[in-house]
Amino acid sequence: MSTIERTVAPAADTPPPAPTKKATRRAGLSRAERSKRRAGWLMVAPSALHIGIWTLIPVIATFYLSFTDYNIFAAPNWIWFDNYVEMFQDPVFIQSIWNTVWYTFWTVPVSMAVAVVVAVALNQGLRAQKFYRTAFFLPQVTATVAIAMVWLWIFNPQYGLLNAALEMVGIPGKAWLVDPDWALWSVIIVGAWQGIGIKMLIYIAALQNIDESLYEAASLDGASSVRKFFSITLPMLKPATFFVFIISIIGAFQVFDQIYVLTDGGPANATTMMTYEVYRSAFQEFRMGMAAAQSVVLFAFLLVMTLISRRVTKEED
């Protein structure tokens, strides 16, 4: 036979397609692990639902209402950027921005500096240090309205404690909360004093995490207490300082209770803050659209200052 039979080798089996990452993850998880994951999502669901309903939806509604004319008695009327234009043409709101910035500029660094000194002092094993810690922290857990009422008595121009103390040393008293030149400074004193407690507590927790061997080595090198403070304590407190700085800025920009009780924004808008303008627009003038726009501007201020703080901290690190 001239026909040449050629044997053709059977083709190799085609390799199966590579599994996807999702299939690999599923195959790598046991039934117990999948059950734990489902249980985790179920536990997180109530909190996520709460955040979505009471935080995310109001934030979206605030941004929407900031572009409307809304007074709660009629449906919102879309007016685009009119609220923002009117807001930045309002001298009272511009003054409230400067008052808030000035209040933050003084209360935050002053309270942080005092809190560091107090925390270091109370971390030295002093007698009755628990009492002192409680005394410094007490204003933080006391109702702001109650604190403001006490300071109303302290600042009273006729029978207040502050003027009485000044007159004992021959200094004439002031109309602290009535004089436009002193009203904002009076509020700054209250804000700085009230903010020491929580900052002190955070700094004490951070101080207790510093390795004592660093101080021992510095002592062997002949470093003084002041040198140890600036070369060891402050650098090691940098993460706590950044955290305290951020929460202090947020708290300062949201000050409201003590303004409402002490000065009601006066005299002559000398103590009007951005939050107080939001309250005034919303609940005195019933201009919910304007109040929403002012809230958006306040949020933008906080966001920008937080990002700047994070950038500065990263560059230092």
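Residues numbered from 1 in each chain as written. Predicted model: local features only at pLDDT ≥ 70, side-chain atom pairs only at ≥ 80, totals over all residues. Heavy atoms only, no water.

A word on the environment of Ile-204. Mapped onto the secondary structure, Ile-204 falls in helix H9 (residues 196-207). For the pair Ile-204 and Ala-119, spaced 85 residues apart in the sequence, the C-alpha separation amounts to 5.2 Å. Those residues within four positions of Ile-204 in sequence are excluded, and the remaining contacts are Ala-119, Leu-122 and Arg-133. (Helix = DSSP H or I, 4+ residues; strand = E, 2+ residues; numbered from the N terminus. Contact = heavy atoms within 4.5 Å.)

For the rest of this paragraph, the subject is the pattern of salt bridges. Applying the stated criterion across every chain yields a total of two salt bridges. Across the salt bridge formed by Glu-86 and Arg-287, the nearest N and O atoms sit 2.9 Å from each other. Linking Glu-86 in helix H3 (residues 82-88) with Arg-287 in the loop between helix H14 (274-284) and helix H15 (288-316), this pair joins segments that are 201 residues apart in sequence. A salt bridge links Arg-280 to Glu-277, with the shortest nitrogen-to-oxygen separation between them at 3.0 Å. (Salt bridge = Lys/Arg side-chain N within 4 Å of Asp/Glu carboxyl O.)

Glancing now at the confidence of the model for the protein chain. Summary statistics for the protein chain give a mean pLDDT of 86 and a share of 89% for residues scoring 70 or more. Counting contacts from residues 1-12, a segment whose pLDDT is below 50, to residues more than four positions away or on other chains yields zero contacts. (pLDDT = per-residue confidence, 0-100.)

Relative to the helices and strands, Gly-191 is located in helix H8 (residues 180-194). Take Gly-191: its relative accessible area is 13%, and that puts it in the buried class. Each C-alpha atom of the pair Gly-191 and Val-255 lies 8.4 Å from the other, and the pair is 64 residues apart in sequence. Apart from residues lying up to four places away in sequence, Gly-191 is in contact with Tyr-103, Thr-107 and Gln-258. (Buried < 20%, exposed > 50% of the residue type's maximum accessible area, 1.4 Å probe, protein only.)

A few words on the packing of helix H4 (residues 91-122) against helix H12 (residues 238-253). It is at 9 Å that the axes of H4 and H12 come closest, and there the two elements cross at 145°. Between H4 and H12 lies a crossing of right-handed hand. The residues of H12 that touch H4, namely those facing Thr-100, Val-101, Tyr-103, Thr-104, Thr-107, Val-108 and Met-112, are Thr-241, Val-244, Phe-245, Ser-248, Ile-249, Ala-252 and Phe-253. Its residues assigned to classes, the contact of H4 with H12 comprises nine nonpolar, five polar and no charged. (Axes fitted to C-alpha atoms, helices over the stretch in contact; angles between N-to-C directions. Left-handed = near helix turned anticlockwise from the far one by under 90°. Nonpolar A, V, L, I, M, F, W, Y, C, P; charged D, E, K, R; others polar.)

Another point: the packing of aromatic side chains. All told, the structure shown has 27 aromatic pairs when counted by the stated rule. Ring centres of Trp-176 and Trp-182 lie 5.2 Å apart, and the angle between their planes is 80°; this geometry places the pair in the edge-to-face category. Owing to a relative accessible area of 9%, Trp-176 belongs among the buried residues under this scheme. (Phe/Tyr/Trp six-rings, centres within 6.5 Å; stacked < 30°, edge-to-face > 60°.)

A contiguous nonpolar patch, built from Trp-102, Phe-105, Trp-106, Val-110, Val-114, Trp-182 and Trp-185 and spanning about 620 Å² of accessible area, is present on the exposed surface. Of all the secondary structure elements, the ones that give two or more residues to the nonpolar patch are H4 and H8. If you tally residues by element for the nonpolar patch, the top one is H4, at five residues. Counting through the fold element by element, Trp-106 comes out in helix H4. Judged by relative accessible area, which is 31%, Trp-106 ranks as partly exposed. (Patch = residues over 30% accessible without salt bridge, like charges linked within 9 Å, V, L, I, M, F, W, Y side chains within 5 Å. Areas by Shrake-Rupley, 256 points an atom, 1.4 Å probe, with all protein chains shown as cover.)

The next thing to look at is the environment of Tyr-70. Summarising the element assignment, Tyr-70 is placed in the loop between strand E1 (68-69) and strand E2 (77-78). Among the residues examined, Tyr-70 registers a relative accessible area of 21% and is labelled partly exposed. Residues Tyr-70 and Ala-291, spaced 221 residues apart in sequence, show a C-alpha to C-alpha distance of 9.6 Å.

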